[in-house]
Amino acid sequence: MTSIVILISGRGSNMQAIVRAAAAEQWPAHIAAVISNRHDAQGLEFAREHGIPVAVVSNKDYSTRDAFDAALQEEIERFSPDLVVLAGFLRILTGAFVAHYAGRMLNIHPSLLPAFPGLATHRQALVAGVKNHGATVHFVTADLDHGPIVAQAVVPVLSGDTEETLALRVLEQEHVIYPAAVRSFVEGKLALHNNKVWFGA
Ligand code: GRF
């Protein structure tokens, strides 16, 4: 059984998609906890309703990034995860934290990396005038939004799109590729070897 801890900051729709897929497809996995850096993260309610332990480590309680990440790591370690899943976790993580979870921490970013790292990705895409946009699942490394790529989904940018309509089209695909990537990891078909993504049969 692979033990998974999911980190969220808000809505948690990707977390929900993963929890639902794990149950529906009977993954050999256990969602050990959902942890947020915000008490008001909407996704915490869903986790509670599904009997998943929740915890909050508020970044506001720590004066430095190092102190917050150390406290977050301590909380995560209580659940001894094999995999940490960042699902809309809006914090830049320190090198020490990232190194600790090297090869066992995934993130989803709402753009076709390496295009549009950072925030407001849908606005960036509209401003750039790209014809295709999408989402990327990647292993987390110290290089923000630039870890080895596991999966990408492409959606068209349509004339008349707003940030909202584009975000919705991308999110729908996030809910497909993120659970699929996590499932592959859980089934031992996805790993990071020498900083390269490895896919098994
Ligand atoms: C998603 O678009 C994800 O790619 C990004 O933040 C958003 C989080 O949405 N990292 P949700 O909290 O999973 O609903």
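It should be noted that the structure appears before, not after, this text.
Residues numbered from 1 in each chain as written. Predicted model: local features only at pLDDT ≥ 70, side-chain atom pairs only at ≥ 80, totals over all residues. Heavy atoms only, no water.

Visitor: Just to check I follow, could you spell out the side chain of H109 for this structure?
Guide: Mapping H109 onto the fold places it in strand β5 (residues 105–109). What makes H109 buried here is its relative accessible area of 3%. There is a polar contact of 2.8 Å between the side chain of H109 and the backbone oxygen of F116. Once residues within four sequence positions are removed from consideration, H109 is found in contact with F116, P117, G118, T121, G134, A135, T136, H138 and D145. (Helix = DSSP H or I, 4+ residues; strand = E, 2+ residues; numbered from the N terminus. Buried < 20%, exposed > 50% of the residue type's maximum accessible area, 1.4 Å probe, protein only. Polar contact = N/O pair within 3.5 Å; in protein donor to acceptor, adjacent residues only side chain to side chain. Contact = heavy atoms within 4.5 Å.)

Visitor: Where do I start with the site of the ligand in this structure?
Guide: The immediate surroundings of the ligand are formed by R11, G12, S13, N14, G88, I108, P110 and E174. One of the side-chain nitrogen or oxygen atoms of S13 is found 2.5 Å away from an oxygen atom of the ligand. Contact between the ligand and E174: an oxygen atom at 2.7 Å from a side-chain N or O atom of the residue. Counting atoms within 2 Å of the grid points, the majority share of the ligand lands in the largest pocket. A class-by-class count of the residues in the shell around the ligand yields two nonpolar, four polar and two charged. (Near = heavy atom within 4 Å. 1 Å grid on protein atoms, 1.4 Å probe; cavity = no way out; pocket = protein on both sides within 12 Å on 5 of 7 lines; lining within 4 Å. Sits in = over half its atoms within 2 Å of the grid points. Nonpolar A, V, L, I, M, F, W, Y, C, P; charged D, E, K, R; others polar.)

Visitor: Explain helix α3 (residues 65–77) here, please?
Guide: Side chains of residues three or four places apart in an α-helix project in the same direction, reflecting 3.6 residues per turn. In this model α3 runs 18 Å from its N-terminal to its C-terminal C-alpha over 13 residues, within 8% of the 18 Å that 1.5 Å per residue would give. On the buried face of α3, the contacting elements are β1 (2–8), β2 (29–36), β3 (54–56), β4 (83–86) and α4 (95–100). (Expected span 1.5 Å × (residues − 1).)

Visitor: Please explain the pairing of strand β8 (residues 190–193) as it appears in this structure.
Guide: In terms of strand pairing, β8 meets strand β9 (residues 196–199) through four bridges, oriented antiparallel. Counterpart to L192 in the pairing with β9 is V197. As consecutive antiparallel partners, β8 and β9 are separated by two residues, and within that stretch N194 has a phi angle of approximately 50°, a positive value. (Pairing = 2+ DSSP bridges.)

Visitor: Please explain the layout of surface pockets as it appears in this structure.
Guide: Think of a ball as big as a water molecule: rolled over the atoms, this probe shows where empty space is left. In this structure, the largest pocket occupies an estimated 1100 Å³ of space. Forming the boundary of the largest pocket are 39 residues, of which G88, L90, I108, P110 and L119 lie nearest the centre. When the residues that make up the lining of the largest pocket are grouped by side-chain class, the tally is 17 nonpolar, 13 polar and nine charged. (Points joined across faces, edges and corners; volume = space filled by probe spheres on them.)

Visitor: Even after reading the chapter, I still don't get the sheet that holds β5, so can you show me in this structure?
Guide: Within a sheet, each strand pairs with its neighbour through backbone hydrogen bonds, oriented either parallel or antiparallel. The sheet built from seven strands is open, its strands ordered β3-β2-β1-β4-β5-β6-β7 with mixed pairing. Single-partner strands in this sheet number two, and they are β3 and β7 (149–156). Taken over all neighbouring pairs, the strand axes of this sheet differ in orientation by 20° on average, direction set aside. Relative to β2, β1 runs parallel, the two being bridged by seven bridges. Residue pairing across strands places L7 opposite I35, the latter belonging to β2. (Axes fitted to C-alpha atoms, helices over the stretch in contact; angles between N-to-C directions.)

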